[in-house]
Amino acid sequence: MNVHIKSPGAATTRYIARRHGMLIDGKWRQAANGAVSQIMDPGLGKVIADVPCGTGADVDLAVAAARRAFEDGPWRMMKPNERSKLIWRLADLIEHHADTIAELESINNGMPVAVAKAGHVGPSVDLIRYTAGWPTKLTGETIPVSSPGEWHAYTLREPVGVVGQIVPWNGPLMMAAWKIAPALAAGCTIVLKPAEQTPLTALYLAELALEAGFPKGVFNVVLGGAEVGAAMASHPDIDKIAFTGSTRTGRSIATAAAATNLKRVSLELGGKSPVIVFPDADLSLAIPGVASGIFSNAGQICTAGSRVYAHESVFDRLVDGVASAAQSLKVGYGLAEGSQMGPLISSTQLERVSSMTAQGVREGASVVTGGEAMESDGYFYKPTILAGLNPQMSVVREEIFGPVLSVLRYTDDDLDGIARQANDSPYGLAASIFTQNLQVAHKMAARLRAGTIGINRHFVGDSAMPFGGFRQSGWGRERGREVFDSYLETKAIASPL
Ligand code: NAD
(Lines give C-alpha, C1' and ligand atoms only; values in the text may rest on other atoms or scores of the structure.)
Protein backbone atom coordinates (compact mmCIF):
# COMPACT_ATOMS: atom_id res chain seq x y z
CA MET A 1 0.00 0.00 0.00
CA ASN A 2 1.12 3.52 -0.79
CA VAL A 3 2.51 5.07 2.41
CA HIS A 4 4.25 8.25 1.18
CA ILE A 5 1.91 10.59 2.96
CA LYS A 6 1.96 14.22 1.96
CA SER A 7 1.15 16.61 4.85
CA PRO A 8 -1.99 18.69 4.43
CA GLY A 9 -1.64 22.43 3.95
CA ALA A 10 -1.39 24.70 7.01
CA ALA A 11 -4.94 26.01 6.49
CA THR A 12 -6.31 22.46 6.55
CA THR A 13 -4.39 21.54 9.70
CA ARG A 14 -5.54 24.74 11.42
CA TYR A 15 -9.14 24.13 10.41
CA ILE A 16 -9.20 20.56 11.75
CA ALA A 17 -7.65 21.65 15.06
CA ARG A 18 -10.08 24.46 15.81
CA ARG A 19 -13.09 24.26 18.12
CA HIS A 20 -16.02 23.28 15.90
CA GLY A 21 -19.60 24.36 16.39
CA MET A 22 -23.03 23.99 14.84
CA LEU A 23 -24.28 26.98 12.86
CA ILE A 24 -27.62 28.09 14.28
CA ASP A 25 -29.15 31.51 13.59
CA GLY A 26 -25.85 32.86 12.27
CA LYS A 27 -23.86 31.82 15.38
CA TRP A 28 -21.55 28.90 16.13
CA ARG A 29 -22.94 26.92 19.06
CA GLN A 30 -22.04 23.86 21.07
CA ALA A 31 -24.68 21.17 21.66
CA ALA A 32 -27.32 22.21 24.20
CA ASN A 33 -26.26 19.32 26.45
CA GLY A 34 -22.53 19.90 25.81
CA ALA A 35 -22.00 16.48 24.20
CA VAL A 36 -19.26 15.95 21.60
CA SER A 37 -18.43 13.14 19.20
CA GLN A 38 -15.12 12.10 17.71
CA ILE A 39 -14.33 12.42 14.02
CA MET A 40 -12.06 9.84 12.41
CA ASP A 41 -9.56 9.75 9.59
CA PRO A 42 -10.54 6.39 8.01
CA GLY A 43 -7.23 6.08 6.15
CA LEU A 44 -5.25 6.08 9.41
CA GLY A 45 -7.98 4.71 11.70
CA LYS A 46 -7.44 7.52 14.18
CA VAL A 47 -9.40 10.35 15.76
CA ILE A 48 -8.71 13.78 14.25
CA ALA A 49 -11.28 16.11 15.83
CA ASP A 50 -14.15 16.54 18.27
CA VAL A 51 -17.37 18.15 17.12
CA PRO A 52 -20.60 18.90 18.98
CA CYS A 53 -23.08 16.04 19.01
CA GLY A 54 -26.58 17.50 18.86
CA THR A 55 -29.95 16.25 20.06
CA GLY A 56 -33.57 17.15 19.37
CA ALA A 57 -33.10 20.30 21.49
CA ASP A 58 -30.54 21.64 18.98
CA VAL A 59 -32.84 20.72 16.09
CA ASP A 60 -35.59 22.77 17.79
CA LEU A 61 -33.31 25.82 17.99
CA ALA A 62 -32.20 25.48 14.36
CA VAL A 63 -35.77 24.99 13.10
CA ALA A 64 -36.97 28.02 15.07
CA ALA A 65 -34.18 30.10 13.51
CA ALA A 66 -35.00 28.83 10.02
CA ARG A 67 -38.70 29.54 10.60
CA ARG A 68 -37.99 33.14 11.70
CA ALA A 69 -35.71 33.66 8.72
CA PHE A 70 -38.37 32.27 6.41
CA GLU A 71 -41.36 34.19 7.79
CA ASP A 72 -39.89 37.47 9.02
CA GLY A 73 -36.33 37.91 7.76
CA PRO A 74 -34.94 39.75 4.73
CA TRP A 75 -34.69 36.48 2.80
CA ARG A 76 -38.40 36.41 1.97
CA MET A 77 -38.36 39.84 0.33
CA MET A 78 -35.00 39.49 -1.37
CA LYS A 79 -35.19 39.91 -5.15
CA PRO A 80 -34.42 36.77 -7.16
CA ASN A 81 -31.35 38.33 -8.79
CA GLU A 82 -29.97 39.16 -5.32
CA ARG A 83 -30.45 35.53 -4.27
CA SER A 84 -28.62 34.51 -7.45
CA LYS A 85 -25.67 36.74 -6.59
CA LEU A 86 -25.37 35.28 -3.07
CA ILE A 87 -25.44 31.72 -4.38
CA TRP A 88 -22.89 32.56 -7.07
CA ARG A 89 -20.68 34.21 -4.43
CA LEU A 90 -20.80 30.99 -2.39
CA ALA A 91 -19.56 29.06 -5.46
CA ASP A 92 -16.70 31.56 -5.89
CA LEU A 93 -15.67 31.14 -2.26
CA ILE A 94 -15.69 27.35 -2.50
CA GLU A 95 -13.55 27.58 -5.63
CA HIS A 96 -11.17 29.94 -3.84
CA HIS A 97 -10.78 27.46 -0.96
CA ALA A 98 -10.80 24.36 -3.19
CA ASP A 99 -7.43 23.00 -2.03
CA THR A 100 -8.31 23.14 1.66
CA ILE A 101 -11.78 21.70 1.11
CA ALA A 102 -10.37 18.85 -1.02
CA GLU A 103 -7.85 18.02 1.71
CA LEU A 104 -10.53 18.07 4.39
CA GLU A 105 -12.73 15.79 2.30
CA SER A 106 -9.83 13.44 1.69
CA ILE A 107 -8.82 13.27 5.35
CA ASN A 108 -12.36 12.87 6.69
CA ASN A 109 -13.82 10.58 4.00
CA GLY A 110 -10.67 8.82 2.77
CA MET A 111 -11.02 9.59 -0.96
CA PRO A 112 -7.82 10.50 -2.85
CA VAL A 113 -7.27 14.24 -2.67
CA ALA A 114 -7.06 14.59 -6.47
CA VAL A 115 -10.47 12.89 -6.75
CA ALA A 116 -11.83 15.15 -4.02
CA LYS A 117 -10.72 18.24 -5.92
CA ALA A 118 -11.61 17.26 -9.48
CA GLY A 119 -14.54 14.95 -8.80
CA HIS A 120 -16.24 16.57 -5.80
CA VAL A 121 -15.22 20.19 -5.16
CA GLY A 122 -15.19 21.12 -8.88
CA PRO A 123 -18.60 19.60 -9.66
CA SER A 124 -20.05 21.15 -6.46
CA VAL A 125 -18.93 24.59 -7.63
CA ASP A 126 -20.41 23.89 -11.06
CA LEU A 127 -23.72 22.71 -9.58
CA ILE A 128 -23.99 25.76 -7.31
CA ARG A 129 -23.26 28.10 -10.25
CA TYR A 130 -25.77 26.28 -12.46
CA THR A 131 -28.36 26.64 -9.70
CA ALA A 132 -27.51 30.31 -9.11
CA GLY A 133 -29.07 31.07 -12.49
CA TRP A 134 -32.47 29.69 -11.53
CA PRO A 135 -34.07 32.15 -9.05
CA THR A 136 -34.97 34.52 -11.89
CA LYS A 137 -36.52 31.70 -13.91
CA LEU A 138 -38.82 30.03 -11.39
CA THR A 139 -42.01 31.31 -12.98
CA GLY A 140 -45.68 30.32 -12.91
CA GLU A 141 -48.05 30.22 -15.88
CA THR A 142 -51.19 31.92 -17.11
CA ILE A 143 -54.06 29.46 -17.40
CA PRO A 144 -56.83 29.54 -20.04
CA VAL A 145 -60.01 29.06 -17.93
CA SER A 146 -63.05 27.29 -19.49
CA SER A 147 -65.74 28.52 -17.04
CA PRO A 148 -68.27 31.08 -18.37
CA GLY A 149 -67.14 34.71 -18.44
CA GLU A 150 -63.74 36.31 -18.72
CA TRP A 151 -61.00 35.32 -16.30
CA HIS A 152 -57.48 36.11 -15.35
CA ALA A 153 -55.94 32.92 -13.93
CA TYR A 154 -52.31 32.21 -13.15
CA THR A 155 -49.99 30.21 -10.95
CA LEU A 156 -47.27 31.33 -8.57
CA ARG A 157 -44.42 29.09 -7.51
CA GLU A 158 -43.52 29.69 -3.89
CA PRO A 159 -40.85 28.18 -1.62
CA VAL A 160 -42.05 25.18 0.35
CA GLY A 161 -40.71 26.72 3.57
CA VAL A 162 -38.29 25.35 6.18
CA VAL A 163 -36.37 22.43 4.72
CA GLY A 164 -34.47 19.74 6.65
CA GLN A 165 -31.68 18.20 4.61
CA ILE A 166 -29.98 14.96 5.70
CA VAL A 167 -26.94 13.71 3.78
CA PRO A 168 -24.59 10.69 3.90
CA TRP A 169 -20.82 10.37 4.26
CA ASN A 170 -19.82 9.09 0.84
CA GLY A 171 -19.64 12.49 -0.91
CA PRO A 172 -20.11 14.90 1.98
CA LEU A 173 -19.57 18.22 0.17
CA MET A 174 -21.23 17.25 -3.09
CA MET A 175 -24.30 15.74 -1.42
CA ALA A 176 -24.67 18.92 0.65
CA ALA A 177 -24.21 21.15 -2.44
CA TRP A 178 -26.89 19.23 -4.37
CA LYS A 179 -29.31 19.93 -1.52
CA ILE A 180 -28.56 23.43 -0.30
CA ALA A 181 -28.18 25.23 -3.65
CA PRO A 182 -31.64 24.54 -5.11
CA ALA A 183 -33.38 25.03 -1.74
CA LEU A 184 -31.72 28.45 -1.40
CA ALA A 185 -32.48 29.30 -5.03
CA ALA A 186 -36.15 28.48 -4.41
CA GLY A 187 -36.21 30.82 -1.38
CA CYS A 188 -36.43 28.15 1.32
CA THR A 189 -34.50 28.24 4.60
CA ILE A 190 -32.42 25.25 5.61
CA VAL A 191 -31.40 23.00 8.47
CA LEU A 192 -28.64 20.76 7.08
CA LYS A 193 -27.46 17.63 8.88
CA PRO A 194 -24.27 16.08 7.52
CA ALA A 195 -23.47 12.46 8.31
CA GLU A 196 -22.02 11.98 11.80
CA GLN A 197 -18.81 10.54 10.27
CA THR A 198 -18.10 13.46 7.91
CA PRO A 199 -19.15 16.90 9.17
CA LEU A 200 -16.00 18.88 8.30
CA THR A 201 -16.69 20.07 4.76
CA ALA A 202 -20.33 20.85 5.58
CA LEU A 203 -19.13 23.09 8.42
CA TYR A 204 -16.62 24.73 6.07
CA LEU A 205 -19.45 25.28 3.56
CA ALA A 206 -21.57 26.89 6.28
CA GLU A 207 -18.70 29.22 7.18
CA LEU A 208 -18.39 30.25 3.54
CA ALA A 209 -22.15 30.85 3.38
CA LEU A 210 -21.80 33.26 6.31
CA GLU A 211 -18.94 34.99 4.52
CA ALA A 212 -20.98 35.16 1.30
CA GLY A 213 -23.63 37.11 3.23
CA PHE A 214 -26.66 34.86 3.56
CA PRO A 215 -28.90 36.39 6.25
CA LYS A 216 -28.78 34.72 9.66
CA GLY A 217 -31.05 31.72 10.07
CA VAL A 218 -31.26 31.00 6.33
CA PHE A 219 -28.61 28.28 6.42
CA ASN A 220 -28.24 26.31 9.68
CA VAL A 221 -26.17 23.19 10.33
CA VAL A 222 -26.86 20.69 13.11
CA LEU A 223 -24.59 17.74 13.89
CA GLY A 224 -25.32 14.24 15.10
CA GLY A 225 -26.50 10.88 13.88
CA ALA A 226 -29.75 8.94 13.65
CA GLU A 227 -31.29 10.62 16.71
CA VAL A 228 -30.87 14.10 15.21
CA GLY A 229 -32.05 12.95 11.76
CA ALA A 230 -35.12 11.30 13.31
CA ALA A 231 -35.89 14.50 15.27
CA MET A 232 -35.87 16.38 11.96
CA ALA A 233 -38.08 13.80 10.21
CA SER A 234 -40.71 14.05 12.93
CA HIS A 235 -40.40 17.81 13.54
CA PRO A 236 -43.80 19.52 13.26
CA ASP A 237 -42.33 22.81 12.00
CA ILE A 238 -40.21 21.43 9.15
CA ASP A 239 -42.11 21.66 5.86
CA LYS A 240 -39.95 19.30 3.85
CA ILE A 241 -37.20 16.72 4.30
CA ALA A 242 -34.70 16.12 1.51
CA PHE A 243 -32.75 12.94 2.29
CA THR A 244 -29.87 11.02 0.74
CA GLY A 245 -28.86 7.74 2.30
CA SER A 246 -29.94 4.15 2.68
CA THR A 247 -33.32 2.80 1.63
CA ARG A 248 -33.93 1.61 5.20
CA THR A 249 -33.48 5.12 6.65
CA GLY A 250 -35.49 6.63 3.77
CA ARG A 251 -38.41 4.41 4.69
CA SER A 252 -38.29 5.47 8.35
CA ILE A 253 -38.15 9.16 7.35
CA ALA A 254 -41.19 8.77 5.08
CA THR A 255 -43.05 7.01 7.91
CA ALA A 256 -42.15 9.72 10.45
CA ALA A 257 -43.12 12.49 8.02
CA ALA A 258 -46.48 10.84 7.37
CA ALA A 259 -47.12 10.38 11.08
CA THR A 260 -46.46 14.02 12.03
CA ASN A 261 -47.31 16.87 9.67
CA LEU A 262 -47.28 15.12 6.25
CA LYS A 263 -44.21 17.17 5.38
CA ARG A 264 -42.98 16.82 1.81
CA VAL A 265 -40.25 14.19 1.41
CA SER A 266 -37.72 13.60 -1.35
CA LEU A 267 -35.43 10.58 -1.16
CA GLU A 268 -32.20 9.64 -2.94
CA LEU A 269 -31.57 6.07 -1.81
CA GLY A 270 -29.54 2.98 -2.54
CA GLY A 271 -28.86 1.08 -5.74
CA LYS A 272 -27.55 -2.12 -7.28
CA SER A 273 -26.93 -0.72 -10.71
CA PRO A 274 -26.55 -3.10 -13.66
CA VAL A 275 -23.95 -2.78 -16.42
CA ILE A 276 -24.76 -4.66 -19.63
CA VAL A 277 -21.91 -5.60 -21.94
CA PHE A 278 -23.00 -6.71 -25.42
CA PRO A 279 -20.98 -9.03 -27.69
CA ASP A 280 -19.92 -6.13 -29.95
CA ALA A 281 -18.83 -3.86 -27.06
CA ASP A 282 -15.58 -1.94 -27.49
CA LEU A 283 -13.67 -3.51 -24.62
CA SER A 284 -11.22 -0.61 -24.56
CA LEU A 285 -14.21 1.39 -23.24
CA ALA A 286 -16.02 -1.35 -21.37
CA ILE A 287 -13.08 -2.56 -19.24
CA PRO A 288 -12.14 0.85 -17.76
CA GLY A 289 -15.84 1.79 -17.65
CA VAL A 290 -16.74 -1.27 -15.58
CA ALA A 291 -13.65 -0.87 -13.37
CA SER A 292 -14.25 2.80 -12.58
CA GLY A 293 -17.99 2.10 -12.22
CA ILE A 294 -17.31 -0.09 -9.18
CA PHE A 295 -13.92 0.95 -7.77
CA SER A 296 -14.40 4.76 -7.75
CA ASN A 297 -14.73 5.99 -4.16
CA ALA A 298 -14.04 2.36 -3.11
CA GLY A 299 -17.51 1.43 -4.40
CA GLN A 300 -19.17 3.78 -1.91
CA ILE A 301 -21.28 5.45 -4.58
CA CYS A 302 -25.02 4.98 -4.78
CA THR A 303 -24.83 4.60 -8.59
CA ALA A 304 -21.88 2.13 -8.49
CA GLY A 305 -22.11 -0.37 -11.34
CA SER A 306 -22.03 -3.35 -9.00
CA ARG A 307 -23.81 -5.98 -11.16
CA VAL A 308 -22.35 -6.72 -14.58
CA TYR A 309 -24.18 -8.80 -17.19
CA ALA A 310 -21.63 -9.78 -19.84
CA HIS A 311 -22.45 -11.80 -22.96
CA GLU A 312 -20.70 -15.19 -22.89
CA SER A 313 -18.69 -14.27 -25.99
CA VAL A 314 -16.93 -11.40 -24.15
CA PHE A 315 -17.22 -12.60 -20.56
CA ASP A 316 -13.68 -13.99 -20.12
CA ARG A 317 -11.92 -11.08 -21.84
CA LEU A 318 -13.96 -8.55 -19.85
CA VAL A 319 -13.35 -10.26 -16.50
CA ASP A 320 -9.60 -10.63 -17.22
CA GLY A 321 -9.37 -6.97 -18.18
CA VAL A 322 -11.27 -5.68 -15.13
CA ALA A 323 -9.25 -8.00 -12.86
CA SER A 324 -5.96 -6.60 -14.13
CA ALA A 325 -7.34 -3.06 -13.71
CA ALA A 326 -8.29 -4.00 -10.11
CA GLN A 327 -4.84 -5.42 -9.40
CA SER A 328 -3.01 -2.39 -10.78
CA LEU A 329 -5.16 0.13 -8.89
CA LYS A 330 -3.07 2.14 -6.39
CA VAL A 331 -4.95 1.68 -3.14
CA GLY A 332 -3.67 4.07 -0.51
CA TYR A 333 -4.08 6.93 1.90
CA GLY A 334 -5.98 9.85 0.40
CA LEU A 335 -3.11 12.33 0.76
CA ALA A 336 -0.48 9.89 -0.55
CA GLU A 337 1.00 10.67 -3.95
CA GLY A 338 -0.78 8.79 -6.75
CA SER A 339 -3.49 7.08 -4.63
CA GLN A 340 -6.42 6.04 -6.81
CA MET A 341 -8.63 4.31 -4.26
CA GLY A 342 -8.91 5.10 -0.56
CA PRO A 343 -10.30 3.24 2.45
CA LEU A 344 -13.88 2.50 3.40
CA ILE A 345 -15.45 5.04 5.72
CA SER A 346 -15.30 3.08 8.98
CA SER A 347 -14.49 -0.18 10.71
CA THR A 348 -18.25 -0.90 10.65
CA GLN A 349 -18.34 -0.51 6.87
CA LEU A 350 -15.21 -2.66 6.49
CA GLU A 351 -16.88 -5.35 8.59
CA ARG A 352 -20.08 -5.08 6.51
CA VAL A 353 -18.28 -5.37 3.16
CA SER A 354 -16.15 -8.28 4.43
CA SER A 355 -19.12 -10.19 5.79
CA MET A 356 -21.32 -9.63 2.70
CA THR A 357 -18.51 -10.87 0.46
CA ALA A 358 -17.93 -13.89 2.72
CA GLN A 359 -21.66 -14.63 2.58
CA GLY A 360 -21.46 -14.58 -1.26
CA VAL A 361 -18.59 -17.07 -1.14
CA ARG A 362 -20.57 -19.31 1.22
CA GLU A 363 -23.44 -19.21 -1.30
CA GLY A 364 -21.06 -20.41 -4.03
CA ALA A 365 -19.43 -17.29 -5.52
CA SER A 366 -15.82 -17.61 -6.67
CA VAL A 367 -13.34 -14.81 -5.98
CA VAL A 368 -11.60 -13.70 -9.20
CA THR A 369 -9.47 -11.15 -7.36
CA GLY A 370 -9.44 -9.45 -3.94
CA GLY A 371 -12.02 -10.70 -1.47
CA GLU A 372 -10.31 -9.51 1.72
CA ALA A 373 -9.33 -6.53 3.83
CA MET A 374 -5.79 -5.12 3.53
CA GLU A 375 -3.18 -5.09 6.31
CA SER A 376 -3.50 -1.56 7.65
CA ASP A 377 -4.65 0.58 10.57
CA GLY A 378 -7.05 2.19 8.09
CA TYR A 379 -10.18 0.54 6.68
CA PHE A 380 -8.90 -0.65 3.29
CA TYR A 381 -10.56 -3.45 1.30
CA LYS A 382 -9.07 -4.95 -1.85
CA PRO A 383 -10.79 -4.27 -5.17
CA THR A 384 -12.81 -7.46 -5.60
CA ILE A 385 -14.50 -9.37 -8.41
CA LEU A 386 -16.93 -12.23 -7.79
CA ALA A 387 -18.01 -14.70 -10.51
CA GLY A 388 -19.77 -18.07 -10.62
CA LEU A 389 -22.99 -16.33 -9.56
CA ASN A 390 -26.68 -16.89 -9.93
CA PRO A 391 -29.34 -14.17 -9.75
CA GLN A 392 -30.62 -15.26 -6.32
CA MET A 393 -27.32 -14.80 -4.49
CA SER A 394 -27.15 -12.01 -1.92
CA VAL A 395 -24.11 -10.39 -3.62
CA VAL A 396 -26.21 -10.00 -6.78
CA ARG A 397 -29.28 -8.63 -5.01
CA GLU A 398 -28.04 -6.49 -2.12
CA GLU A 399 -26.17 -3.20 -2.13
CA ILE A 400 -22.68 -3.86 -0.67
CA PHE A 401 -21.41 -0.25 -0.86
CA GLY A 402 -17.80 -1.35 -1.23
CA PRO A 403 -15.38 -2.21 -4.07
CA VAL A 404 -17.03 -5.55 -4.83
CA LEU A 405 -18.19 -6.36 -8.37
CA SER A 406 -20.55 -9.24 -9.17
CA VAL A 407 -20.22 -10.47 -12.78
CA LEU A 408 -22.90 -12.63 -14.40
CA ARG A 409 -22.82 -14.32 -17.80
CA TYR A 410 -25.76 -14.18 -20.21
CA THR A 411 -26.36 -16.11 -23.40
CA ASP A 412 -29.54 -14.43 -24.54
CA ASP A 413 -29.80 -12.34 -27.72
CA ASP A 414 -33.29 -11.09 -26.87
CA LEU A 415 -33.23 -7.54 -25.51
CA ASP A 416 -36.37 -8.10 -23.44
CA GLY A 417 -34.79 -11.11 -21.75
CA ILE A 418 -31.58 -9.21 -20.93
CA ALA A 419 -33.58 -6.24 -19.64
CA ARG A 420 -35.65 -8.57 -17.43
CA GLN A 421 -32.47 -9.78 -15.71
CA ALA A 422 -31.09 -6.25 -15.31
CA ASN A 423 -34.44 -4.99 -13.97
CA ASP A 424 -34.74 -7.87 -11.48
CA SER A 425 -33.98 -5.68 -8.45
CA PRO A 426 -35.93 -3.60 -5.93
CA TYR A 427 -33.67 -0.68 -6.90
CA GLY A 428 -33.63 1.49 -10.02
CA LEU A 429 -31.03 4.22 -9.64
CA ALA A 430 -28.62 3.84 -12.59
CA ALA A 431 -27.55 1.47 -15.37
CA SER A 432 -25.12 1.41 -18.26
CA ILE A 433 -24.89 -0.26 -21.64
CA PHE A 434 -21.74 -1.06 -23.59
CA THR A 435 -22.29 -1.72 -27.31
CA GLN A 436 -21.24 -0.19 -30.63
CA ASN A 437 -24.74 -0.63 -32.03
CA LEU A 438 -26.67 2.57 -31.31
CA GLN A 439 -30.02 0.95 -32.10
CA VAL A 440 -29.38 -1.71 -29.48
CA ALA A 441 -28.17 0.95 -27.01
CA HIS A 442 -31.25 3.13 -27.30
CA LYS A 443 -33.69 0.21 -27.39
CA MET A 444 -32.09 -1.14 -24.21
CA ALA A 445 -32.07 2.31 -22.57
CA ALA A 446 -35.85 2.43 -23.11
CA ARG A 447 -36.29 -0.98 -21.45
CA LEU A 448 -34.24 -0.35 -18.31
CA ARG A 449 -36.06 0.82 -15.18
CA ALA A 450 -33.52 3.29 -13.81
CA GLY A 451 -33.21 7.05 -13.35
CA THR A 452 -29.81 7.50 -15.05
CA ILE A 453 -28.51 5.46 -17.97
CA GLY A 454 -25.06 5.67 -19.54
CA ILE A 455 -24.17 4.44 -23.00
CA ASN A 456 -20.53 3.33 -23.27
CA ARG A 457 -19.80 5.03 -19.97
CA HIS A 458 -21.02 4.10 -16.50
CA PHE A 459 -21.05 7.41 -14.66
CA VAL A 460 -22.94 10.06 -16.54
CA GLY A 461 -24.20 13.28 -15.10
CA ASP A 462 -24.16 17.00 -15.29
CA SER A 463 -25.55 19.78 -13.15
CA ALA A 464 -28.31 20.20 -15.76
CA MET A 465 -29.29 16.50 -15.85
CA PRO A 466 -31.97 15.31 -13.43
CA PHE A 467 -30.85 12.59 -11.02
CA GLY A 468 -32.90 10.16 -8.95
CA GLY A 469 -34.27 6.69 -8.68
CA PHE A 470 -37.09 4.47 -9.86
CA ARG A 471 -38.68 2.07 -7.36
CA GLN A 472 -36.92 1.76 -3.96
CA SER A 473 -34.05 4.00 -5.09
CA GLY A 474 -36.07 7.04 -4.16
CA TRP A 475 -38.70 9.71 -4.64
CA GLY A 476 -38.15 12.82 -6.74
CA ARG A 477 -35.20 14.20 -8.67
CA GLU A 478 -32.19 16.36 -7.80
CA ARG A 479 -30.23 18.65 -10.17
CA GLY A 480 -31.48 20.15 -13.40
CA ARG A 481 -34.83 21.90 -13.71
CA GLU A 482 -36.70 19.06 -12.03
CA VAL A 483 -35.16 19.59 -8.59
CA PHE A 484 -37.31 22.69 -8.10
CA ASP A 485 -40.47 20.58 -8.10
CA SER A 486 -39.42 19.44 -4.64
CA TYR A 487 -38.69 22.88 -3.20
CA LEU A 488 -41.65 24.84 -4.58
CA GLU A 489 -45.39 24.79 -3.97
CA THR A 490 -47.70 25.82 -6.82
CA LYS A 491 -50.47 28.29 -6.01
CA ALA A 492 -53.37 28.76 -8.46
CA ILE A 493 -55.04 32.20 -8.49
CA ALA A 494 -58.12 33.16 -10.51
CA SER A 495 -60.27 36.26 -10.82
CA PRO A 496 -63.37 36.82 -12.99
CA LEU A 497 -62.83 40.02 -14.97
P1 NAD B 1 -27.80 6.09 6.33
O2 NAD B 1 -29.18 6.06 5.82
O3 NAD B 1 -27.47 5.23 7.48
O4 NAD B 1 -27.38 7.58 6.79
C5 NAD B 1 -27.55 8.69 5.95
C6 NAD B 1 -27.90 9.90 6.80
O7 NAD B 1 -29.12 9.65 7.49
C8 NAD B 1 -26.86 10.24 7.86
O9 NAD B 1 -26.79 11.65 7.96
C10 NAD B 1 -27.46 9.65 9.11
O11 NAD B 1 -27.05 10.27 10.31
C12 NAD B 1 -28.94 9.87 8.89
N13 NAD B 1 -29.81 8.94 9.60
C14 NAD B 1 -29.53 7.69 10.04
N15 NAD B 1 -30.62 7.14 10.63
C16 NAD B 1 -31.61 8.06 10.55
C17 NAD B 1 -32.97 8.08 10.97
N18 NAD B 1 -33.55 7.04 11.57
N19 NAD B 1 -33.70 9.18 10.70
C20 NAD B 1 -33.16 10.23 10.06
N21 NAD B 1 -31.87 10.28 9.66
C22 NAD B 1 -31.09 9.21 9.90
O23 NAD B 1 -26.92 5.80 5.09
P24 NAD B 1 -25.36 5.53 5.06
O25 NAD B 1 -25.14 4.08 5.30
O26 NAD B 1 -24.66 6.50 5.91
O27 NAD B 1 -25.08 5.90 3.53
C28 NAD B 1 -25.00 4.96 2.54
C29 NAD B 1 -26.32 4.84 1.80
O30 NAD B 1 -26.62 6.07 1.14
C31 NAD B 1 -26.25 3.81 0.70
O32 NAD B 1 -27.40 3.00 0.71
C33 NAD B 1 -26.21 4.63 -0.58
O34 NAD B 1 -26.68 4.00 -1.72
C35 NAD B 1 -27.02 5.81 -0.20
N36 NAD B 1 -26.69 6.96 -1.05
C37 NAD B 1 -27.59 7.35 -2.00
C38 NAD B 1 -27.29 8.40 -2.86
C39 NAD B 1 -28.29 8.84 -3.89
O40 NAD B 1 -28.18 9.97 -4.37
N41 NAD B 1 -29.25 8.04 -4.27
C42 NAD B 1 -26.09 9.07 -2.74
C43 NAD B 1 -25.17 8.66 -1.77
C44 NAD B 1 -25.50 7.59 -0.93
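Residues numbered from 1 in each chain as written. Predicted model: local features only at pLDDT ≥ 70, side-chain atom pairs only at ≥ 80, totals over all residues. Heavy atoms only, no water.

What follows covers the side chain of Thr 198. With respect to the element layout, Thr 198 can be found in the loop between β7 (189–193) and α7 (200–212). Given the relative accessible area of 1%, Thr 198 is considered buried. Look past the residues within four positions of Thr 198 in its chain and what remains in contact with it is Asn 108, Asn 109, Pro 168, Trp 169, Pro 172 and Ile 345. (Helix = DSSP H or I, 4+ residues; strand = E, 2+ residues; numbered from the N terminus. Buried < 20%, exposed > 50% of the residue type's maximum accessible area, 1.4 Å probe, protein only. Contact = heavy atoms within 4.5 Å.)

Contact geometry for helix α4 (residues 98–109) and helix α5 (residues 113–132): axes closest at 8 Å, N-to-C directions at 115 degrees. Crossing handedness for the pair α4 and α5: right-handed. Within the contact between the two elements, α4 uses Ala 98, Asp 99, Ile 101, Ala 102, Glu 103, Glu 105 and Ser 106 and α5 uses Val 113, Ala 116, Lys 117 and Val 121. Partitioned by chemical class, the residues of the contact of α4 with α5 number six nonpolar, one polar and four charged. (Axes fitted to C-alpha atoms, helices over the stretch in contact; angles between N-to-C directions. Left-handed = near helix turned anticlockwise from the far one by under 90°. Nonpolar A, V, L, I, M, F, W, Y, C, P; charged D, E, K, R; others polar.)

To continue, consider the domain arrangement of the protein. Domain parsing of the protein yields domain 1 (10–269 + 473–494) and domain 2 (274–464). On a C-alpha basis, the centroid separation for the pair domain 1 and domain 2 is 30 Å. Contacts between the two partners involve 29 residues from domain 1 and, on the opposite side, 29 residues from domain 2. Taken over both partners, the interface formed by domain 1 and domain 2 buries close to 2200 Å², and the fraction arising from carbon and sulfur atoms is 57%. On the surface where domain 1 and domain 2 come into contact, there are zero salt bridges. At the junction of domain 1 with domain 2, the criterion picks out 11 residue pairs in polar contact (both at pLDDT 80 or more). The set of elements that each furnish at least two residues to the side of domain 1 that touches domain 2 consists of β3 (36–41), α4 and α5. Tallied by class, the residues present in the side of domain 1 that touches domain 2 amount to 12 nonpolar, 12 polar and five charged. (Domains from an automatic or database assignment. Buried area = accessible area lost by both parts, 1.4 Å probe. Salt bridge = Lys/Arg side-chain N within 4 Å of Asp/Glu carboxyl O. Polar contact = N/O pair within 3.5 Å; in protein donor to acceptor, adjacent residues only side chain to side chain.)

Turning our eyes to something else, we now look at the pairing of strand β11 (residues 274–277). Side-chain alternation along β11 places Pro 274 and Ile 276 on one buried face and Val 275 and Val 277 on a second face that is also buried. Note that β11 and strand β12 (residues 307–311) share four bridges and pair parallel. Pairing of Val 275 across the sheet is with Val 308, part of β12. Each parallel crossover has a hand, and for β11 linked through helix α10 (residues 283–295) to β12 it is right-handed. Where β11 meets strand β16 (residues 430–434), three bridges bridge the pair, whose relative direction is parallel. Across the sheet, residue Ile 276 finds its bridge partner in β16, namely Ile 433. (Pairing = 2+ DSSP bridges. Right-handed = clockwise from strand over helix to strand, strands pointing away.)

With that settled, the discussion passes to the site of the ligand. What surrounds the ligand is a group of 29 residues, the closest being Trp 169, Glu 196, Ser 246, Leu 269 and Glu 399. One nitrogen or oxygen atom from the main chain of Val 167 is found 2.8 Å from an oxygen atom belonging to the ligand. In the model, an oxygen atom of the ligand is placed 3.3 Å from a nitrogen or oxygen of the Gly 245 main chain. In isolation the ligand has 850 Å² of accessible area, and contact with the protein removes 89% of it. A molecule is said to occupy a pocket when more than half its atoms come within 2 Å of that pocket's grid points, and by this definition the ligand occupies the largest pocket. For the shell around the ligand, the secondary-structure elements that each account for two or more residues are α8 (226–233), β9 (240–244) and α9 (247–259). Its residues placed into classes, the shell around the ligand shows 16 nonpolar, nine polar and four charged. (Near = heavy atom within 4 Å. Areas by Shrake-Rupley, 256 points an atom, 1.4 Å probe, with all protein chains shown as cover. 1 Å grid on protein atoms, 1.4 Å probe; cavity = no way out; pocket = protein on both sides within 12 Å on 5 of 7 lines; lining within 4 Å. Sits in = over half its atoms within 2 Å of the grid points.)

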